[in-house]
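Spelled out from the first residue to the last, the chains are:
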Amino acid sequence: MDTTVHDRIRQQVTDNPVVLFMKGTPVFPQCGFSATVVQILSHLGVKFKGVDVLADSSVREGIKEFSSWPTIPQLYVKGEFIGGCDIVREMFETGELQQMFAEKEIPVRA
Amino acid sequence: MAMDAATIERLIKEGLPDARVSIEALRDDGDHYAAHVVSAAFRGKSRVQQHQMVFQALGSRMGNELHALALQTSAPED
């Protein structure tokens, strides 16, 4: 549909190593699922760019098509879609998330 | 704007006929559920792909009528 929104999203996930599309901001998440992912990233000391989809309805809809993923939050690392809240939490609990950041050379708090 | 657990289970099974589905209501609002889906179709797929298969079965409802479905997927153990 709207290629410009997809282009903008692609630009954001290319320009920033870690991007979280979320409801609200990292400081004031407006949804428990977004808050969970923010907490995990903060716990790991991973620097990320938060994109508030509530501030732009075209991004809110566009991101769902971009990733074929119907829900927010969505985590991208080095341009790759990693998953939503459940996957990120599961990966964090098994240590896969930390491993993935290491493989992608994203600094994580030791 | 809400769904009952039986509807969610039916939709998932329509998309993934061999699936074993267990659903738990997280809140009594018909809007927040946790689902554990086990299907042989998940073999060899990444977690993202597995969740996408469940979302596909639920169609446009996910994210709309159904606000929150905490999802856990796995392939059956041999």
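*Asks:* Any chance you could break down the interface of chain A and chain B for me, citing the residues and the numbers?
*Replies:* Size of an interface, as often reported, equals the accessible area lost when the parts are brought together. The interface is formed by nine residues belonging to chain A together with ten residues belonging to chain B. Of the residues belonging to the side of chain A that touches chain B, the class tally is four nonpolar, three polar and two charged.

*Asks:* Give a description of the pairing of strand S3 (residues 74-77) of chain A that names residues and reports values.
*Replies:* For a regular strand, side-chain orientation follows a simple rule: the groups alternate between the two sheet faces. Residues and elements named next belong to chain A. Burial along S3 is two-sided: Gln74 and Tyr76 and Leu75 and Val77, pointing in opposite directions, are all buried. Bridging between strand S1 (residues 18-22) and S3 involves four bridges; their strand directions are antiparallel. When the sheet's bridge partners are listed, Leu20 is paired in S3 with Leu75. Summarising the sheet, S3 and strand S4 (residues 80-83) pair through three bridges and their orientation is antiparallel. Bridge pairing in S4 links Leu75 to Gly83. Count of turn residues in the S3/S4 antiparallel hairpin: two residues, of which Lys78 carries a positive phi of about 50 degrees.

*Asks:* Would you mind going over the pairing of strand S1 (residues 20-25) of chain B in detail, with residue names and values included?
*Replies:* Residue and element names in this part refer to chain B. Two elements, S1 and strand S2 (residues 32-38), share six bridges in a ladder whose sense is antiparallel. Bridging across to S2, Glu24 finds its partner in Ala34. Connecting S1 to the antiparallel partner S2 that follows it, the hairpin turn spans six residues, and Gly30 within it adopts a positive phi of roughly 65 degrees.

*Asks:* Could you give an account of the sheet that holds S3 of chain A, naming the residues involved and the relevant values?
*Replies:* Whenever strands of a sheet pair, they do so through backbone hydrogen bonds, lying parallel or antiparallel. All names here are of chain A. Reading across from one edge, S2-S1-S3-S4 is the order of the four strands in this open sheet, with mixed pairing throughout. Two strands close off the open sheet at either side, each with one partner strand: strand S2 (49-52) and S4. The sheet shows a mean angle of 25 degrees between the axes of neighbouring strands, direction not considered. Together, S1 and S3 form the strand contacts of helix H2 (residues 32-43), whose direction differs from that of S1 by roughly 160 degrees.

Basis of the calculations
- Residues numbered from 1 in each chain as written.
- Chains lettered and ligands numbered in written order.
- Predicted model: local features only at pLDDT ≥ 70, side-chain atom pairs only at ≥ 80, totals over all residues.
- Contact = placed C-beta atoms within 7 Å.
- Nonpolar A, V, L, I, M, F, W, Y, C, P; charged D, E, K, R; others polar.
- Buried ≥ 20, exposed ≤ 12 C-beta atoms within 10 Å, placed from the backbone.
- Helix = DSSP H or I, 4+ residues; strand = E, 2+ residues; numbered from the N terminus.
- Pairing = 2+ DSSP bridges.
- Axes fitted to C-alpha atoms, helices over the stretch in contact; angles between N-to-C directions.

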